[in-house]
Amino acid sequence: MTRRELLEQLEKDGLMQVENRGRVVQCLADAAAVKSDPVYIRVLAGFGAWVSALLFLPALGMMHVLDSAGAAIGWSVALLAGAVALSRLTRATFPTQLALALGIAGNLLIIFGVAESRHYHNALGPAVLAHAAVCAALYVPLRSSIYRFAGPVAAAILATCWIVTKTGGSLIHALILLEAALAGGLILMPRRPAVLTPLA
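Our subject in this report is the structure included herewith.

About the thresholds
Residues numbered from 1 in each chain as written. Predicted model: local features only at pLDDT ≥ 70, side-chain atom pairs only at ≥ 80, totals over all residues. Heavy atoms only, no water. Axes fitted to C-alpha atoms, helices over the stretch in contact; angles between N-to-C directions. Helix = DSSP H or I, 4+ residues; strand = E, 2+ residues; numbered from the N terminus. Parallel < 35°, antiparallel > 145°, perpendicular 65-115°, else oblique. Left-handed = near helix turned anticlockwise from the far one by under 90°. Nonpolar A, V, L, I, M, F, W, Y, C, P; charged D, E, K, R; others polar. Core = buried A, V, L, I, M, F, W, Y, C linked by side-chain atoms within 4.5 Å. Buried < 20%, exposed > 50% of the residue type's maximum accessible area, 1.4 Å probe, protein only. Contact = heavy atoms within 4.5 Å. Phe/Tyr/Trp six-rings, centres within 6.5 Å; stacked < 30°, edge-to-face > 60°. Lys NZ or Arg CZ within 6 Å of the ring centre and 35° of its normal.

### What to know about the packing of helix 4 (residues 69-89) against helix 5 (residues 93-117)
For step 1, the next point in the chain: At their nearest, the axes of helix 4 and helix 5 sit 7 Å apart, and the two run at 160° to each other. Viewed along their axes, helix 4 and helix 5 adopt a mutual orientation that is roughly antiparallel. With respect to the hand of their crossing, helix 4 and helix 5 are arranged in left-handed fashion.
For step 2, the next point in the chain: Tallied by class, residues from the contact of helix 4 with helix 5 come to 17 nonpolar, seven polar and one charged.

Structure representation (structure tokens):
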């Protein structure tokens, strides 16, 4: 039985809606494209994507595009939108790695822009809030298990640094309690969505 015949049979049996057929075909094609790449090709493509994205930030700096906080935040929004679009369009190696690199670069630019807007004076608290907001906004749309793991971890580290520097560590117990409650809730959840277990 061919792939086309299988899809037609699923539609006939009422197991798949007609409007979802295009998405299924696209997912199968993306999976085949990823599997067809040898390991060394995937490594080179991922490395190239990271280099291209990370060199983009110094290029913006040399063009004096990032001289103001507004410009940095504007470019970060553009990078984050590009990351989400790339991660949604295909699952091939290079675009997937480029989407992750653009997402991290955009995240860093948001933090830089917020710190720049406050002239780096008491900027850690707002930077933590900005990073947490970006993580929350991108967690579902950006299809990257690495970002879904690294983003919240970075938020917890930044929050810990802010608590230690601002309060002398007096609120660290509240942060640990919050993290324990979140971890306990995830562990006790009977059916966790795949998006909540990115590294599983």
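Next comes the rest of the account.
### What about the nonpolar core?
For step 1, the next point in the chain: Core analysis: the biggest nonpolar cluster contains 24 residues, and L79, L102, L109, V134, L138, L142 and Y147 have the highest contact counts within it.
For step 2, the next point in the chain: Looking at this core, the elements with two or more residues in it are helix 3 (39-62), helix 4, helix 5 and helix 6 (124-138).
For step 3, the next point in the chain: The element best represented in this core is helix 5, accounting for eight residues.
For step 4, the next point in the chain: Discounting chain neighbours no more than four positions away, the residues touching V134 are L80, N107, I110 and Y147.
For step 5, the next point in the chain: In terms of nonpolar packing, the next biggest core, distinct from the first, is built from five residues, V128, A159, I172 and L175 among them.

### Quick word on the packing of helix 6 against helix 7 (residues 145-167)
For step 1, the next point in the chain: Two elements in contact, helix 6 and helix 7, have axes whose closest approach is 9 Å; the angle formed by their N-to-C orientations is 160°. As the angle between them shows, helix 6 and helix 7 are arranged roughly antiparallel. Helix 7 is crossed by helix 6, and the crossing has left-handed handedness. Counted together, L124, G125, V128, H131, V134, C135 and L138 of helix 6 and Y147, G151, P152, A154, A155, L158, A159, C161, W162 and T165 of helix 7 form the full contact between these two elements.

### Re the packing of aromatic side chains
For step 1, the next point in the chain: Overall, the coordinates contain zero aromatic pairs when judged by the stated rule.
For step 2, the next point in the chain: The residue whose ring lies beneath R148 is Y139, and the NZ or CZ to ring-centre distance is 5.9 Å.

### Describing the environment of L79
For step 1, the next point in the chain: Note that L79 resides in helix 4.
For step 2, the next point in the chain: Accessibility expressed as a relative area gives 8% for L79, which makes it buried.
For step 3, the next point in the chain: Expressed as a C-alpha distance, the spacing of L79 and N107, which sit 28 residues apart in the sequence, is 8.7 Å.
For step 4, the next point in the chain: Not counting the four nearest positions on each side in its chain, L79 is found in contact with F56, L57, L102, A105, G106 and L109.

### Let's talk about the environment of G82
For step 1, the next point in the chain: Here G82 lies in helix 4.
For step 2, the next point in the chain: For G82, a relative accessible area of 26% corresponds to the partly exposed category.
For step 3, the next point in the chain: Taking the C-alpha atoms as reference points, G82 and L98, separated by 16 residues in sequence, lie 9.5 Å from one another.

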